[in-house]
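Here are the chains, one letter per residue:
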Amino acid sequence: MQKLFKVLCASGFSVLLGAIPLAATAHGDKPHAEKDPAMFSGMKTGAGKTVQEFHRALREGDENAVLSVLSDAVVIFEGGSVERSAQEYAGHHLPADIAFLKQMDVSQQELQVREAGDLAFAYGRSRLKGDYKGKALDLQSMETLVLKRSGGEWKIVHVHWSSR
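Residues numbered from 1 in each chain as written. Predicted model: local features only at pLDDT ≥ 70, side-chain atom pairs only at ≥ 80, totals over all residues. Heavy atoms only, no water.

**Let's talk about helix α5 (residues 93-102)**
Taken as a whole, α5 has its buried residues at L94, D97, I98, F100 and L101. Around the axis of α5, the buried residues are gathered within 160° of arc, so they sit on the same side. (Buried < 20%, exposed > 50% of the residue type's maximum accessible area, 1.4 Å probe, protein only. Helix = DSSP H or I, 4+ residues; strand = E, 2+ residues; numbered from the N terminus. Arc of directions from axis to C-beta.)

**Observations concerning the pairing of strand β2 (residues 70-78)**
Along a regular strand, successive side chains alternate from one face of the sheet to the other. For β2 and strand β7 (residues 153-163), the ladder comprises five bridges, and the chain directions are parallel. Within the sheet, the bridge partner assigned to I76 lies in β7 and is V159. Of the strand pairs in this sheet, β2 and strand β3 (residues 81-83) are connected by three bridges, and their pairing is antiparallel. Residue pairing in the sheet places F77 in a bridge with V82 of β3. From the end of β2 to the start of β3, which pair antiparallel, there are two residues, and G79 there has a positive phi angle of about 60°. (Pairing = 2+ DSSP bridges.)

**Here we look at the environment of A57**
Along the chain, A57 turns up in helix α2 (residues 46-60). A sequence separation of eleven residues divides A57 from S68, and the C-alpha atoms of the two residues are 9.7 Å apart. Those residues within four positions of A57 in sequence are excluded, and the remaining contacts are D62, A65 and V66. (Contact = heavy atoms within 4.5 Å.)

**Here's the deal with the sheet that holds β3**
Reading across the sheet, the seven strands line up as β1-β4-β5-β6-β7-β2-β3 and stay open at both edges, with mixed pairing between neighbours. Of all strands in the sheet, those with a lone pairing partner are β1 (40-41) and β3, marking the two edges. Sheet strands in contact with α5 are β2, β3, β4 (104-116), β5 (119-132), β6 (135-150) and β7, and its direction is about 55° off that of β5. (Axes fitted to C-alpha atoms, helices over the stretch in contact; angles between N-to-C directions.)

**Quick notes on the packing of aromatic side chains**
Overall, the coordinates contain four aromatic pairs when judged by the stated rule. Their ring planes at 75° and their centres at 4.9 Å tell us that F100 and Y132 sit as a pair that is edge-to-face. On the criterion of sequence distance, the pair formed by F100 in helix α5 and Y132 in strand β5 is long-range, its members being 32 residues apart. F100 gets classed as buried once you look at its relative accessible area, which sits at 7%. You can call Y132 partly exposed: its relative accessible area is 21%. (Phe/Tyr/Trp six-rings, centres within 6.5 Å; stacked < 30°, edge-to-face > 60°.)

**Structural notes on the pairing of β5**
Bridging between β4 and β5 involves twelve bridges; their strand directions are antiparallel. Bridge pairing in β5 links E110 to R125. A loop of two residues connects β4 with β5, the two strands running antiparallel in sequence, and G117 in this loop sits at a positive phi of about 70°. Across 14 bridges, the pairing between β5 and β6 is antiparallel. Residue pairing in the sheet places Y132 in a bridge with K135 of β6. The antiparallel hairpin formed by β5 and β6 contains two residues in its connecting segment, where K133 sits at a positive phi of about 50°.

Purely spatial values, then, with no claim about function.
Below you can see the structure in the form of structure tokens.
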């Protein structure tokens, strides 16, 4: 974990704590290649592929695929609450996150993935626009993911979402 912390600090990365739900992690329809390439890196790494699978699964409402890339002991910070396992997330916020995303037009503005040995982190920003429960929303969402490689497989061990 110390090595990851050093990588985070060296990159000028800071964690922003936040606000309202949700998984604004899903990609919009525009492929990364059509966006500013400086804002997207690490997509072809093992950790990058896991992050993209997580986003795809959330966007498409594939709960099994979401859970397949989460560590059983994942810790998720979302909307001022904490869930301390994949099972807890599946039983609480995951269905609501999927329902929310189905109502939003999501545009991924940035996604950076960095590997450091068997640890990796990803950070990204998305814009979400749409109507949810009768309310028009236009949100800027931020995401931080920490991943760990075990047995050659990357799993997400921490998620932090915030929006404004």
